[in-house]
Amino acid sequence: MSLPSLKKLRNDIYFCIRCGFCRFVCPVVSEKDMEETVGPRGRMILIRGLITGDIKPSSRVSDKMYMCTGCAYCRLKCPPGLEVDNIVLAARRDLFSLGTPIPEGHLGVLSSLKSNGNPFGGLRSERNKWMESLGGLADTMSKTNLLYWVGCTTSYTAPNIASSMARILNKAGIGFKTLGASEKCCGYPYLLIGDEESFKENAKEVVKQISMGNVDTVVANCPGCYRTFTELYPKYIGSLPFKTLHSSQFIDSLIRDGRIKFSKSMNLRVTYHDPCDLGRHAGIYDPPRNVILSIPGINLVEMERSRADARCCGAGGALRLAFPEVSTNIATTRIKLDVAPLDVEAIVTACPTCVRNLKDGVTIAEAIYDVKKVDVFDIVELVNNAIG
């Protein structure tokens, strides 16, 4: 049986001491009654069995590998420092290449990526529908070297984030352009599902398209897109001819340079949720907080589990696309255990996918656990509201 990705990591896999420190911080295993095989330690045992041949690839094994958010909290708690999340991704690649059945939800994602250029089944022509709310502003997008990469989640499920970002850039006097309806997925879901070849092919197409516009800076709202451009593309296809900034980084710099001025006090008690791809994976913790604290009238209250210790919202790793109930249960736990005790009025995050899942978590926590309802904002929306 060919398992090329896992065999390259054989030494790391055998180095797992099965201590279980990872097990007690895994957001999935906590929602699955501490079931061993959906936790990091259980997955490592299954993966070792795949390498030795004691366990055969099957849909049951596949489901265990895909029931992971990729939050990397297990990596943080692993005494030997094993990158357990990356080992799980390697298992997904090998299982996928062997033709092992994958979750049905992911089959739909792959089909939509290839036919529609996004994982949600949205029409290509609807990708830039968010621009309709901009009025004349959409006509002022200039021939500039700055590209606002909107991303699939923002375009199709959180259009207010996209329009807020466009308004912020306009008010700051920053010329920018988008790819409009021709923008396609960065390809991150391909890699999360295990389709490595499609990811590499898609990456080359995206970079070529961006490069044709003489772009030197890309600004992205989505931490998944940001991680793809800054970490994954260089790893798979080499260095890029442009730099990439997350929207929180770019807005932070605009505030420090005096390009963004706030016209009103928000008078709002908030907490900040660290997205896993932006926080633990990319190490970006301060820029979003700098932005929040610069807004007049904002009272930022930190959750006990924040920064590197932040609890995952449950949407990452393509989990929500295949196991939505587990995903929203994780979000509900985040609200119930970490947000509710703070008595805040809103949660601010810096990820459209986190916004979507946390909103579901708020709704469920209110209905089932009688937790006070709070608003959920992307940091871009908060800044746009404060500028007025």
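Read on for a plain summary of the structure.

Cut-offs and rules
- Residues numbered from 1 in each chain as written.
- Predicted model: local features only at pLDDT ≥ 70, side-chain atom pairs only at ≥ 80, totals over all residues.
- Heavy atoms only, no water.
- Helix = DSSP H or I, 4+ residues; strand = E, 2+ residues; numbered from the N terminus.
- Rg over C-alpha atoms; globule rule 2.2 N^0.38 Å.
- Buried < 20%, exposed > 50% of the residue type's maximum accessible area, 1.4 Å probe, protein only.
- Contact = heavy atoms within 4.5 Å.
- Lys, Arg positive; Asp, Glu negative; His and termini not counted.
- Charge placed at Lys NZ, Arg CZ, Asp CG, Glu CD.
- Polar contact = N/O pair within 3.5 Å; in protein donor to acceptor, adjacent residues only side chain to side chain.
- 1 Å grid on protein atoms, 1.4 Å probe; cavity = no way out; pocket = protein on both sides within 12 Å on 5 of 7 lines; lining within 4 Å.
- Points joined across faces, edges and corners; volume = space filled by probe spheres on them.
- Nonpolar A, V, L, I, M, F, W, Y, C, P; charged D, E, K, R; others polar.
- Pairing = 2+ DSSP bridges.
- Axes fitted to C-alpha atoms, helices over the stretch in contact; angles between N-to-C directions.
- Right-handed = clockwise from strand over helix to strand, strands pointing away.
- Expected span 1.5 Å × (residues − 1).
- Salt bridge = Lys/Arg side-chain N within 4 Å of Asp/Glu carboxyl O.

**Focus: the overall build of the protein**
Looking only at helices and strands, the protein features 19 helices and seven strands. Rg of the C-alpha trace for the protein: 21 Å, near the compact-globule value of 21 Å for 388 residues, within the 12% margin. Principal axes of the C-alpha set define a box for the protein whose edges measure 65 × 50 × 35 Å. Expressed as a percentage of its 388 residues, the buried residues of the protein come to 58%. Expressed as a percentage of contacts within the protein between residues at least 6 apart in sequence, the contacts between residues at least 24 apart total 78%. Side chains of the protein carry 48 positive and 40 negative charges; the gap between the two charge centres is 3 Å.

**A closer look at the side chain of Asn221**
Tracing the sequence through the fold places Asn221 in the loop between strand 2 (217-220) and helix 13 (223-237). At 3.3 Å, the side chain of Asn221 forms a polar contact with the side chain of Ser247. Among all residues touching Asn221, those that are not within four sequence positions of it are Tyr148, Trp149, Val150, Thr154, Ile161, Met165, His246, Ser247, Ala350, Cys351, Pro352 and Val380.

**Some details on empty space enclosed by the protein**
Scanning all chains against the criterion turns up five cavities of 30 Å³ or more. There is about 620 Å³ of room inside the largest cavity. Every residue lining the largest cavity is counted, 41 residues in all, and those nearest its centre are Tyr188, Leu192, Ala315, Gly316 and Thr353. When residues of the lining of the largest cavity are traced back to their parent elements, those giving at least two are helix 7 (84-97), helix 9 (152-157), helix 11 (188-193), helix 13, helix 16 (319-322) and helix 18 (352-369). A per-class count over the lining of the largest cavity returns 24 nonpolar, ten polar and seven charged.

**Notes on the sheet that holds strand 5 (residues 298-300)**
Taken in spatial order, the four strands make up an open sheet running 5-4-6-7, and their pairing is parallel. For this open sheet the edge positions go to strand 5 and strand 7 (375-378), each flanked by a neighbour on one side alone. Taken pair by pair, the neighbouring strands of this sheet meet at an average axis angle of 35°, ignoring direction. Alignment of strand 6 (residues 346-349) against strand 7, held across four bridges, turns out to be parallel. Directly across from Ile347, in strand 7, lies its bridge partner Val376. Against the sheet, helix 18 contacts strand 4 (268-273), strand 6 and strand 7, and its axis sits at roughly 180° relative to strand 7.

**Quick notes on the layout of surface pockets**
By volume, the largest pocket is sized at about 290 Å³. Lining the largest pocket are 16 residues, with Asn86, Arg93, Glu196, Lys235 and Tyr236 positioned closest to its centre. Listed by contribution, the elements that provide at least two residues to the lining of the largest pocket are helix 1 (4-8), helix 7, helix 11 and helix 13. Per-element tally for the lining of the largest pocket: the top contributor is helix 13, with five residues. Across the lining of the largest pocket, the residue classes break down as seven nonpolar, two polar and seven charged.

**Overview of the pairing of strand 6**
Of the two faces of strand 6, the one lined by Ala346 and Val348 and the one lined by Ile347 and Thr349 are each fully buried. Examined bridge by bridge, strand 4 and strand 6 share four bridges and lie parallel to one another. Bridge pairing links Thr271 to Ile347 in strand 6. You can see the chain leave strand 6, run along helix 18 and come back into strand 7, and the turn it takes is right-handed.

**Overview of the sheet that holds strand 1 (residues 146-149)**
Taken in spatial order, the three strands make up an open sheet running 1-2-3, and their pairing is parallel. Among the strands making up the open sheet, the edge pair consists of strand 1 and strand 3 (243-246). The mean inter-strand angle of the sheet, taken between neighbouring strand axes irrespective of direction, is 25°. With four bridges connecting them, strand 2 and strand 3 associate as parallel partners. Its bridge partner being in strand 3, Val219 is matched across the sheet by Leu245.

**Examining helix 8 (residues 104-116)**
The terminal C-alpha atoms of helix 8 lie 18 Å apart, and with 13 residues this matches the ideal 18 Å at 1.5 Å per residue to within 8%. Listing the buried residues of helix 8 in full gives His106, Val109, Leu110, Ser112, Leu113 and Asn116. Looking at the buried positions of helix 8, the neighbouring elements they touch are helix 5 (59-66), helix 7, helix 11 and helix 16. Phi turns positive, to about 75°, at Gly117, one or two residues after helix 8.

**Thoughts on the pattern of salt bridges**
Evaluated as defined, the whole model comprises 19 salt bridges. Salt-bridge contacts for Glu35 lead to Lys64; the nearest nitrogen and oxygen are separated by 2.7 Å. Here Lys64 lies in helix 5 and Glu35 lies in the loop between helix 3 (27-31) and helix 4 (40-52), a separation of 29 residues in the sequence. Owing to a relative accessible area of 28%, Glu35 belongs among the partly exposed residues under this scheme. A salt bridge links Asp338 to Arg311, with the shortest nitrogen-to-oxygen separation between them at 2.6 Å. Pair noted here: Asp338 is in helix 17 (residues 324-339) and Arg311 is in the loop between strand 5 and helix 16, with a separation of 27 residues, a long-range link. One network of salt bridges, with partners in common, ties together Arg23, Glu36 and Arg41.

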